[in-house]
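# What the coordinates show
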Amino acid sequence: MKESMKPAVVGTIVKDVKATAEKGKKAGADMLEVRIDLLMKNEMKNDPSFEKYTKGGCDDPKLHERLELWMKEAKESGLPVIGTIRSGKEGGAFEGTETERFKLIQKIIPAADYIDIERKSSKKNISESVLIAQKSKTKIIISSHFFTGTPAQRKIENVLLNSFEKGADIAKIAVMPENCNDVLKLYKAGLKVSGETCLIAMGDIGKHTRITSPVYGSVLSYGYIDEIAAPGQLRVDEIKEGFRILGLI
């Protein structure tokens, strides 16, 4: 077993932040992820400006106020909060430009304990965000998603290493396994790379990794509170119980 920090269960919030945060805490979440992109989709769908927000128009003060409120409501739970604005290309709901998306990311960094930044983002946007995060003592999760398969083990290792080179405190990778050998490739790569990682195998074949990944060095496991936010997610309390059974907590 790879020596690492105590694994944390992350409850993902996609709607009704205040109520969902409280529910997630009661279910045993150690951290909360505020999925700003999904909140914009779910909470603002009746707003006439909704399409403008998801496809641009990110300088609107009304939107900034809503972001600040969502982060504040999550922080009131007393749990550490991850801020995430996922692009459509990486499985999220934000359809605007990268420039617009990073305006919002950089807006919420000071309010977050962790900020999720996609590894494929531009060097400029990543470096600027890392500097802002360092000033506000916000930790960086640099994430990579492979929705159509699982790269070779060496490729997974290189992705994780590249994430650390770009400033990650935690290097996160999610793959879509086609068989158990794909899951083993993910785990072997995780064991070979130094540093804090988050290893996720999505879909039905990868469901068990939500519980077993900490054995191979993964420090975060994302679960749902009310609604599944990614393929193969388990409920927060199910992951927590699995951790207990394996003696991980």
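Let me begin by describing the structure that accompanies this report.

Conventions and cut-offs
Residue numbers here run from 1 along each chain, matching the order of that chain's written sequence. Confidence filtering applies because this is a predicted model: local features only for residues at pLDDT of at least 70, side-chain atom pairs given and counted only at 80 or more, and all residues used for totals across whole chains, interfaces and linings. Water and hydrogen atoms play no part in the side-chain values, which are based on all heavy atoms of the structure. For every element, the axis is a line fit to its C-alpha atoms; helices are fit only across the contacting stretch, and the angle between N-to-C directions ranges from 0 to 180 degrees. Secondary structure elements are taken from DSSP: a helix is a run of H or I of four residues or more, a strand is a run of E of two residues or more, and numbering for both begins at the N terminus. Relative orientations are named as follows: roughly parallel for angles under 35 degrees, roughly antiparallel for angles over 145 degrees, roughly perpendicular for angles from 65 to 115 degrees, and oblique for any other angle. For any helix crossing, the convention is left-handed if the near helix is rotated counterclockwise from the far helix by under a right angle, and right-handed if that rotation is clockwise. The contact definition used throughout considers only heavy atoms, calling two residues in contact when any of these lie within 4.5 Å. Residues are sorted three ways: Asp, Glu, Lys and Arg are charged, Ala, Val, Leu, Ile, Met, Phe, Trp, Tyr, Cys and Pro are nonpolar, and all the rest, Gly among them, are polar. Take the buried residues of types Ala, Val, Leu, Ile, Met, Phe, Trp, Tyr and Cys, join any two whose side-chain atoms come within 4.5 Å, and each joined set is a nonpolar core. Exposure categories follow from relative accessible area, calculated using a 1.4 Å probe and restricted to protein chains: below 20% of the type maximum is buried, above 50% is exposed, and the middle band is partly exposed. How far a helix is expected to stretch is found by multiplying one less than its residue total by 1.5 Å. By definition, the arc is the one covered by directions from the helix axis to the C-beta atoms. For two strands to be treated as a pair, DSSP must find no fewer than two bridges joining them.

## Points about the packing of helix 1 (residues 17–27) against helix 4 (residues 61–75)
Geometrically, a packed helix pair is captured by the angle between its two axes and the distance between the axes. It is the contact of helix 1 with helix 4, at a shortest axis distance of 8 Å, that shows an interaxial angle of 25 degrees. When the axis of helix 1 is compared with that of helix 4, the two are roughly parallel. With respect to the hand of their crossing, helix 1 and helix 4 are arranged in right-handed fashion. The residues of helix 4 that touch helix 1, namely those facing Val17, Lys18 and Ala21, are Trp70, Glu73 and Ala74. Of the residues assigned to the contact of helix 1 with helix 4, the class counts are four nonpolar, no polar and two charged.

## Remarks on the nonpolar core
Counting residues in each nonpolar core, the largest one holds 41 residues, and the members touching the most others are Val34, Ile36, Trp70 and Leu104. In terms of residues, this core owes the most to one element, helix 4, which gives five residues.

## A short note on helix 6 (residues 123–136)
The terminal C-alpha atoms of helix 6, which comprises 14 residues, lie 20 Å apart, in line with the 20 Å expected from a rise of 1.5 Å per residue. For helix 6, every residue scored as buried is listed here: Asn125, Ile126, Ser129, Val130 and Ala133. For helix 6, the angular spread of buried residues about the axis comes to 130 degrees, placing them on one side. Of the exposed residues in helix 6, the ones pointing more than 90 degrees away from its buried face are Lys123, Lys124, Leu131, Gln134 and Lys135. On its buried side, helix 6 packs onto helix 5 (98–108), strand 4 (114–118) and strand 5 (139–146). Just past helix 6, the residue Lys137 takes up positive phi, approximately 60 degrees.

## Notes on the sheet that holds strand 3 (residues 81–84)
Read from one edge of the open sheet, eight strands run 7-6-5-4-3-2-1-8, paired in parallel fashion. Sheet topology places strand 7 (196–201) and strand 8 (220–224) at the edges, where each strand pairs with a single neighbour. Strand after strand, the sheet turns through a mean of 25 degrees between neighbouring axes, direction not considered. Relative to strand 7, strand 6 (residues 170–175) is paired through six bridges, and the arrangement is parallel. Bridged to Lys172 within strand 7 is Cys198. Docked against the sheet, helix 6 engages strand 4 and strand 5, running at close to 145 degrees with respect to strand 5.

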